[in-house]
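Structural characterization, general
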Amino acid sequence: MLFTCTCEESEKDALELAMRPYRDLIRSLFVWAGVCVVWAFAGFVAHFLNGMVCNVGELPGAVRMFSFAAFLLIFLGIGLRWNLRRGILELLRKRTTNLVEYRLTDDLFAYSCGETKVNLPLNQFKKYRIDEDAFYLFVGMGASVCVPAWKGRGVEREELVAVLAKAGLKDMRTGKAWRVIRRVLMAAFCCLIVVAASMEIHDAWLNLRREIGRAELSRLLHEFTGVDTCWKYYPDFRQWKKSGNLLQRFVVSAGPLEPDRYDYLFDEEDEDKVGIAATKGDTVWYAYLPCGCLGICDRRDWESRNWRKGVFYKQAERDQWLEKVRRLAPESLKPSYDP
């Protein structure tokens, strides 16, 4: 006889100990579900921001896939936890007493609770796990036996390990270094996903800024030149800023609706006769007609360009620029394509 343990187990304590071996598995399901939720949320936000200016179609397939994966993993985690708890509680509630006796020999495990008596050969089990307040014997992937309060029963941990190893059981917790490495890699992967999701949202926000600048600057240039365009079908960001809802006012705060300054271009010798640029911070948006070209550049790059004399007009010289622009027929500035 290796040791004999008789103890009184409450339903709550027995359930807590019996569920312990499954915690890591259930927790990992929820961690992976969280990763999928973060990635799907980033994709949804990016899609939403990209669609604030123009319709970008239905949600990307990756967003739908990660949303489904998150739902499936959450469902599996909740379902597994509920099923395990239900099965354990059913067994516990069949007991006629909370007084339980455990006996362990070199080749046999015995369990006795009221009229229930079980004798199992140790070689029937595959793995074991020893904690400070309980040890477990596993058959395959499931926890078959949980023995609480084994310490102080006349057996040391080393002796217990030797008996179980002799019976052919393997320690479930071998490879501690690998478990640490695996958890570190998992944490690093989760951080990488969060960073990638943040970058996707950030890129979508920058794209929204570009699109707002693109729409507003093109609208302004067409208004100055009198060239009709389909830009009138885009959102009126000026109206959004004045009387839009909270989300619309937040969105337009990203765009150059109030640039630091405007610059104007007029060059009859060039294919792109008329241009306008809006500077906000370190970014410059510019648009040209009749090509309909739109672009963004750094302010230092814009200021370093060498314009021919009479081509570049500052904000204070807008009236001079307008006089020259109005001499041109709107048809001569009509883009070959309508943005």
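The structure reproduced in this document is the subject of the present report. Small disclaimer: the values here were computed from a predicted structure and weren't measured. (Residues numbered from 1 in each chain as written. Predicted model: local features only at pLDDT ≥ 70, side-chain atom pairs only at ≥ 80, totals over all residues. Heavy atoms only, no water.)

**Here we look at the environment of Lys166**
You can see Lys166 is positioned in helix H4 (residues 157-166). On a C-alpha basis, the gap between Lys166 and Leu122 in space is 9.5 Å, while along the polypeptide they are 44 residues apart. (Helix = DSSP H or I, 4+ residues; strand = E, 2+ residues; numbered from the N terminus.)

**What about the sheet that holds strand S13 (residues 312-313)?**
Pairing is antiparallel across the open sheet formed by five strands, whose spatial order is S12-S11-S10-S9-S13. Of all the strands in the sheet, just strand S12 (294-298) and S13 have a single pairing partner and so form its edges. The sheet contact formed by strand S11 (residues 283-289) and S12 spans five bridges and is antiparallel. Across the sheet, Val284 pairs through a bridge with Cys297, a residue of S12. Sheet contacts for helix H9 (residues 318-326): strand S9 (261-266), strand S10 (274-280) and S13; angle to S9, the most-contacted strand, approximately 35°. (Pairing = 2+ DSSP bridges. Contact = heavy atoms within 4.5 Å. Axes fitted to C-alpha atoms, helices over the stretch in contact; angles between N-to-C directions.)

**Comments concerning the nonpolar core**
Looking at soluble globular proteins, one finds that nonpolar side chains tend to be buried together. Counting residues in each nonpolar core, the largest one holds 23 residues, and the members touching the most others are Phe109, Leu122, Phe125, Phe135, Leu137 and Leu160. Only strand S1 (3-8), strand S2 (99-104), strand S3 (108-113), strand S5 (127-130), strand S6 (134-139), strand S7 (142-148) and H4 provide two or more residues apiece to this core. Contacts of Phe109, omitting those with residues within four sequence positions, involve Tyr102, Arg103, Leu104, Val118, Asn119, Leu120, Leu122, Phe125, Leu137, Val145 and Val147. In this structure, Leu217, Val227, Ile276 and Tyr313 belong to the second largest nonpolar core, which totals 19 residues. (Core = buried A, V, L, I, M, F, W, Y, C linked by side-chain atoms within 4.5 Å. Buried < 20%, exposed > 50% of the residue type's maximum accessible area, 1.4 Å probe, protein only.)

**Notes on the environment of Val325**
Within the fold, Val325 resides in helix H9. Residue Val325 is classed as buried on the basis of its relative accessible area of 2%. In sequence terms Val325 and Phe224 are 101 residues apart; their C-alpha atoms lie 8.2 Å from each other. If near-sequence neighbours (up to four positions away) are discounted, Val325 is found in contact with Phe224, Thr225, Phe266 and Val274.

**As for the sheet that holds S3**
Read from one edge to the other, the open sheet built from four strands follows the order S1-S2-S3-S4, with strand pairing classed as antiparallel. Of all the strands in the sheet, just S1 and strand S4 (116-121) have a single pairing partner and so form its edges. Each strand of the sheet is rotated relative to its neighbour by a mean of 10°, with strand direction disregarded. Alignment of S3 against S4, held across six bridges, turns out to be antiparallel. Residue pairing in the sheet places Ala110 in a bridge with Asn119 of S4.

**Some details on unusual backbone geometry**
The amide bond that connects Leu289 to the next residue, Pro290, takes the cis arrangement and shows omega of 10°. Here Pro290 is to be found in the loop between S11 and S12.

**Things to note about the pairing of S12**
Across the two faces of S12 the burial differs, with Gly295 and Cys297 buried and Leu294, Ile296 and Asp298 not buried at all. Linking S11 to S12, which pair antiparallel, is a turn of four residues; within it Gly292 sits at a positive phi near 75°.

**Overview of the environment of Leu80**
Along the chain, Leu80 falls in helix H3 (residues 61-93). According to the relative accessible area criterion, Leu80 is partly exposed, its value standing at 25%. Placed 51 residues apart in sequence, Leu80 and Leu29 show a C-alpha to C-alpha distance of 9.9 Å. Non-local contacts of Leu80, meaning those with residues more than four positions away in its chain, are made with Leu25, Ile26 and Leu29.

**Looking at the packing of helix H2 (residues 23-50) against H3**
Two elements in contact, H2 and H3, have axes separated by 8 Å at closest approach and are oriented at 155°. Here H2 is positioned roughly antiparallel relative to H3, judged by the angle of their axes. Between H2 and H3 lies a crossing of left-handed hand. Classifying every residue of the contact of H2 with H3 gives 21 nonpolar, three polar and one charged. (Parallel < 35°, antiparallel > 145°, perpendicular 65-115°, else oblique. Left-handed = near helix turned anticlockwise from the far one by under 90°. Nonpolar A, V, L, I, M, F, W, Y, C, P; charged D, E, K, R; others polar.)

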